[in-house]
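# Architecture at a glance
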Amino acid sequence: MGKVILGLAAPHNPNITSHPDKMSLEVQSKLDSGFGHLKGRLSEASPDCLLILTSDHVTNFFYNNAPMFCLGVSDTCTGPAPKELSELNIPRATLKVDTTMAKGLLNYGIESGIDFSYSREMILDHAFMVPLSLLTPHMDLPIVPLHINGMLPPRPTAARCFRLGQQIGEYIRNHYDGNVAVLASGSFSGDIGGPKMGSIDTALDLEFLDLVRDAKGQEMVDKATAETLERAGVANEILIWIALQGVLGNLKPSFTDYICGKDWSTAATLATWQPNLR
């Protein structure tokens, strides 16, 4: 049956593509190197599709309609979002969706107790397009976009996101015929649009990164309390990383990097997991 052949985690700060001048040359060089490493591993793995875990940034969803989990199941998805196109410095592109994977996961999830929503009109905002533009710039790798609500309270619990990841792994291994790479797009902390905007909680970032390095998924869940998520800020993606760890189980990353620049609103954490290196 199917295999998860690669795990990836990367930031999606829109400044990466829209305002690289806001980074020092040192930070920019480190970021280029980190993304280059991830891009190389993705090229070597040559998966059949890339499952992208991230949180919509009030492009598709707002308080009038805020699903916990939503799969994009249309034949294609397009990005960047119109509201971001002039700033993001990424050409508009239409990406093929692996509908066999997307619809299969949707049906499996509903049968297995996952409260999935689905969309046939999902727009790919910067949370998808920034890492895609750097990891697969030709936009020719089929994707499966999965929104996990990390921004609009009430959010799903960390335990539910961890179990979601486990269930995704179960579906791939037992019901999908193909090789899958899984990308978690986001940072541990970031108060974009919040009162702490511009500050970076390095201590919290590194605490979670240590847990990632040791593949301590349950400890990540235990640490991701409501108070911790509040501390992490409006635009934290801790739940995204926890879902990815659920997919990967006790696999430790083969590469991690943490890049923090004072002029940035979030730090950049990057990682790869290579199951075949076990």
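Everything below is about the structure printed above this text.
What counts and how
Residues numbered from 1 in each chain as written. Predicted model: local features only at pLDDT ≥ 70, side-chain atom pairs only at ≥ 80, totals over all residues. Heavy atoms only, no water. Helix = DSSP H or I, 4+ residues; strand = E, 2+ residues; numbered from the N terminus. Expected span 1.5 Å × (residues − 1). Contact = heavy atoms within 4.5 Å. Buried < 20%, exposed > 50% of the residue type's maximum accessible area, 1.4 Å probe, protein only. Polar contact = N/O pair within 3.5 Å; in protein donor to acceptor, adjacent residues only side chain to side chain.

Here helix α7 (residues 202-213) spans 16 Å end to end across 12 residues, near enough to the 16 Å set by a 1.5 Å rise per residue. Against the buried residues of α7 lie α8 (217-223), α9 (226-232), α10 (238-248), β9 (255-259) and β10 (268-273). Just downstream of α7, Ala215 is the residue with a positive phi angle, here 55°.

Inspection of the secondary structure assignment puts Thr136 in the loop between α5 (126-135) and β7 (143-148). Accessibility expressed as a relative area gives 10% for Thr136, which makes it buried.

Take unusual backbone geometry next. Across the junction of Gly79 and Pro80, the peptide omega takes the value 0°, indicating a cis bond. Cis rather than trans, the peptide bond between Pro153 and Pro154 has omega equal to 0°. Examined against the element boundaries, Pro154 turns out to sit in the loop between β7 and α6 (158-175). A positive phi angle, near 65°, is found at Asn89, a position not held by glycine. Looking at where Asn89 falls in the secondary structure, it is placed in the loop between α3 (82-88) and β5 (93-96). If you check the backbone angles, Met139 has positive phi at about 55° while not being a glycine. Residue classification places Met139 among the buried positions, given a relative accessible area of 12%.

This part covers the side chain of Ser18. As for its position among the elements, Ser18 is in helix α1 (residues 15-18). Residue class for Ser18 comes out buried when judged on its relative accessible area of 17%. Reaching out from Ser18, the side chain makes a polar contact with the backbone oxygen of Pro14 at a distance of 2.7 Å. Each residue touching Ser18, except ones within four places of it in the same chain, is listed here: Glu87, Leu88 and Asn89.

Function-wise, these values are silent; they only describe arrangement.
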